[in-house]
Amino acid sequence: MRKILFVFELFLIIGGWCAAAEAEAAVDLAWLKLLHYQQHFGGYQGLVENQEFYISPVGRNNPEEEMKAEIVAFGTGKEKCRFPARFNYLRAQGKVQGDLLECEEYQQFMRDVQPNGITVLFTNAYMSNPASLFGHTLIRIDTARKGTQMLAHGSNFGANSGTEYGVMFALKGLFGGYQGVYSVSPYWEIINTYNNIENRDIWEYNLNLTDEEKLKFVNHLYEMRQAKIRYYFLSKNCSYMILELLEAVRPTLNLTTQYPVWVIPLDTLKTIQNEPDLVKSENYRPARYTQIQAMIEAMTDEQYAAFLQMIKQHNFEAAELSDAEKAVVYEAAYQYFQYEYTVGNMPLAEYRQSSFGVLRRRSALPAGKNPKPKGENPALSHDSMQISVSGGEYRQESFEELEIRPAYTALTDSSLGLIKGAEISVMSSRWRYYNQSRKLVLHSFTPIKIKSLVPAGRVFDPVSYTVGVEVKRDFNPQTAAEGYVGYGYGGVGKTAELPFKIWLYGLLKLNGAYGGFVPGNQWGGVAPEVGILKDFGRIRLHLNAEKTWATRKFGDRFIYKAAVSCGISENLSLEAGYEKSRNKAGYNQETWQVWLRQSF
């Protein structure tokens, strides 16, 4: 009897060991990352929400049961064609056998893409679209076909928003109102959308992956096309999901844990750039708009006059120019017609007639050498989050201030690798302690602040604009009291580049305020703003003045500001500022302040 009990107990121990071993395999790091499991209340939960991504009914919350279900399904030949990366993983573990040769849809996909490499793409910000203010990251599956990579395929993760855009898109994107999905499309379509229509420069970062990792990446991307993931504008976005893909392919990478709260495209670039030996090479692909600007800037006065005749009068002779000079002008004119047609400013018939007239003359000339725009690698830009400490004086009272800006740049920050003249701040807050009154206050909270200054060129005349929402402590000029007021504003205008690359801008804004501290609870107003911006490199200078005519005297004021920033490094700067607000009641406010700003 004891022998029987001993054998029974031994079987239980061995069975427990086997179960433990299988459980350990089921929660193996490579398996967890391949199915995008994350720790959740002591267990696991898959990032992918829809059941189609799993086989087990409890697969989203139980990686062990999901593995068991897949082993059974793959063993009978079912489901493996939907999950080639998982099938190959389990086959390498010796848990399933067979191949994917009979998977017709998968094999056709592989014949279409013919993978030969993986490249991360970054498109710079598209300031006209609130959903693209941070830029965008996506993937290119490099092709083994001979010739250009325009024959390759790109993969994009984005919110499935349908036809909803603008402010509502941004709000829903902030709070997870959409499902995010992967798509795969020809690379030339991506180039046409971002490079040509939206005029966004593209940077390409070719990844240093092994042949096995390249295949695993493509197989996993094939699986992820059926995945639906809750999309959050600042966290589970296009950038975060690229890091998830890379971890699934190379489980030893530890990328996503660096961003527990938010991540923007620039963070992704810096993360992969800082990972040893992950990026093999970089390539800059300027937008057509950027190329045209570079060609125009390099023209002589005679070339520019001929160029204007071509695009305005369709006079393509340029008889006074040499063949080499003509070649540059013809190329610029052709690119201009392409641009105008792509953005919808030129009818098809006129485009065909104009472009043919240029190309016919251009083809008769020897090949010329066109100027190449030189881009600044965005991976070298300053980090997105910034914390600033400062001291100053306000109405004869000294204070210390802590400012937290999650993302991501200001006009006085270094513009290396970023769009010059762009200011984008999200969820920033300023906390101030007044020494004499011994009072700690939230000085301001700014959910969003955007300013886009683009100087008019010799041909293009873009619009500059600003928009913002904030809650801040304000001053009542009639009672000298302070309280919180909600503000919103927006405006458009123009920017001009003066000699010595000094930018002068003017904006006409509409202001509005709301809150119990405001007499009558609200006011509206008109506020023209003028400013000067000069970037000396390490030194950045910003001067501006704003006059508000409001529906209530509370809002009437004249504000002028001056700020000068000295860059110690890309991520560290020292800034001094002055602000004065004048009002009709004579209770003027004056602030002096010095900041030490650190980005990380």
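Please read all numbers here as calculations on a predicted model, not as lab measurements. (Residues numbered from 1 in each chain as written. Predicted model: local features only at pLDDT ≥ 70, side-chain atom pairs only at ≥ 80, totals over all residues. Heavy atoms only, no water.)

*Asks:* Is there a simple way to explain the pattern of salt bridges in this structure?
*Replies:* A pair can form between side chains of opposite charge whenever their charged atoms are brought close. Overall, the coordinates contain 31 salt bridges when judged by the stated rule. A salt bridge links aspartate 413 to arginine 405, with the shortest nitrogen-to-oxygen separation between them at 2.9 Å. According to the relative accessible area criterion, arginine 405 is buried, its value standing at 4%. Where arginine 557 meets aspartate 474, a salt bridge forms, and the shortest distance between an N and an O atom there is 3.1 Å. Of the two residues, arginine 557 sits in strand 20 (residues 557-567) while aspartate 474 sits in strand 15 (residues 464-475), which places them 83 residues apart along the sequence. When sorted by exposure, arginine 557 lands in the same class as aspartate 474, which is buried. Via salt bridges that share partners, Glu66, Glu70, Arg86 and Glu223 belong to a single interconnected network. (Salt bridge = Lys/Arg side-chain N within 4 Å of Asp/Glu carboxyl O. Buried < 20%, exposed > 50% of the residue type's maximum accessible area, 1.4 Å probe, protein only. Helix = DSSP H or I, 4+ residues; strand = E, 2+ residues; numbered from the N terminus.)

*Asks:* Quick question: what am I supposed to make of empty space enclosed by the protein here?
*Replies:* A water-sized probe, rolled over the atoms, reveals where empty space remains. Under the defined criterion, the tally for this structure stands at 3 cavities of 30 Å³ or more. Size it by volume and the second largest cavity reaches roughly 70 Å³. Every residue lining the second largest cavity is listed: His382, Gln386, Asp413, Ser414, Arg540, Ser569, Glu570, Asn571, Leu572, Ser573, Arg597 and Ser599. At the level of secondary structure, the elements contributing two or more residues to the lining of the second largest cavity comprise strand 21 (572-582) and strand 22 (589-599). (1 Å grid on protein atoms, 1.4 Å probe; cavity = no way out; pocket = protein on both sides within 12 Å on 5 of 7 lines; lining within 4 Å. Points joined across faces, edges and corners; volume = space filled by probe spheres on them.)

*Asks:* Any chance you could explain the sheet that holds strand 9 (residues 279-285) here in plain terms?
*Replies:* Paired through their backbone hydrogen bonds, the strands of a sheet run either parallel or antiparallel. Spatial ordering of the open sheet is given by 8-6-5-4-3-7-9, a layout of 7 strands whose pairing is antiparallel. Single-partner strands in this sheet number two, and they are strand 8 (229-231) and strand 9. Put simply, the sheet's adjacent strands are angled 30° from each other on average, direction ignored. Two elements, strand 6 (residues 178-186) and strand 8, share 3 bridges in a ladder whose sense is antiparallel. Bridge pairing in strand 8 links glycine 180 to isoleucine 229. The strands touched by helix 9 (residues 238-249) are strand 3 (115-123), strand 4 (136-143), strand 5 (153-159), strand 6, strand 7 (202-207) and strand 8; relative to strand 4, the strand with the most contacts, the crossing angle is about 40°. (Pairing = 2+ DSSP bridges. Axes fitted to C-alpha atoms, helices over the stretch in contact; angles between N-to-C directions. Contact = heavy atoms within 4.5 Å.)

*Asks:* Would you take a moment to explain the packing of aromatic side chains for this structure?
*Replies:* Each pair of aromatic rings is reported with the distance of its centres and the angle of its planes. Taken as a whole, this structure holds 26 aromatic pairs when the rule is applied. Ring centres 5.9 Å apart and planes at 75° place the aromatic pair phenylalanine 74 and phenylalanine 87 in the edge-to-face group. Taken together, the residues phenylalanine 74 in helix 3 (residues 63-75) and phenylalanine 87 in helix 4 (residues 84-92) connect sequence positions 13 residues apart. For phenylalanine 74, a relative accessible area of 1% translates into the label buried. Between phenylalanine 157 and tyrosine 182, the ring centres sit 5.0 Å apart and the planes meet at 55°, which makes this aromatic pair tilted. Taken together, the positions of phenylalanine 157 in strand 5 and tyrosine 182 in strand 6 put the pair 25 residues apart, joining distant regions of the chain. With respect to class, phenylalanine 157 is no different from tyrosine 182; both count as buried. Taken together, the aromatic side chains of Tyr289, Tyr304, Phe307, Phe316, Tyr336, Phe337, Tyr339 and Phe460 make up a single cluster linked through ring pairs. For the cation-ring pair, arginine 86 lies above phenylalanine 83, with the distance from its terminal atom to the ring centre recorded as 3.9 Å. (Phe/Tyr/Trp six-rings, centres within 6.5 Å; stacked < 30°, edge-to-face > 60°. Lys NZ or Arg CZ within 6 Å of the ring centre and 35° of its normal.)

*Asks:* What's the story with helix 4 in this structure? I'm lost.
*Replies:* Three- or four-residue spacings in an α-helix give side chains the same orientation, since the helix completes a turn every 3.6 residues. The complete set of buried residues in helix 4 reads Pro84, Ala85, Arg86, Phe87, Tyr89 and Leu90. Downstream of helix 4 by a residue or two, glycine 94 has a phi angle that is positive, lying close to 80°.

*Asks:* I'm lost on the pairing of strand 20 in this one. Help?
*Replies:* Two strands pair when backbone bridges link them, and strand 19 (residues 539-550) and strand 20 are joined in this way by 10 bridges, in the antiparallel orientation. Counterpart to lysine 547 in the pairing with strand 20 is phenylalanine 558. The antiparallel hairpin formed by strand 19 and strand 20 contains 6 residues in its connecting segment. Bridge count between strand 20 and strand 21: 10 bridges; the pairing is antiparallel.

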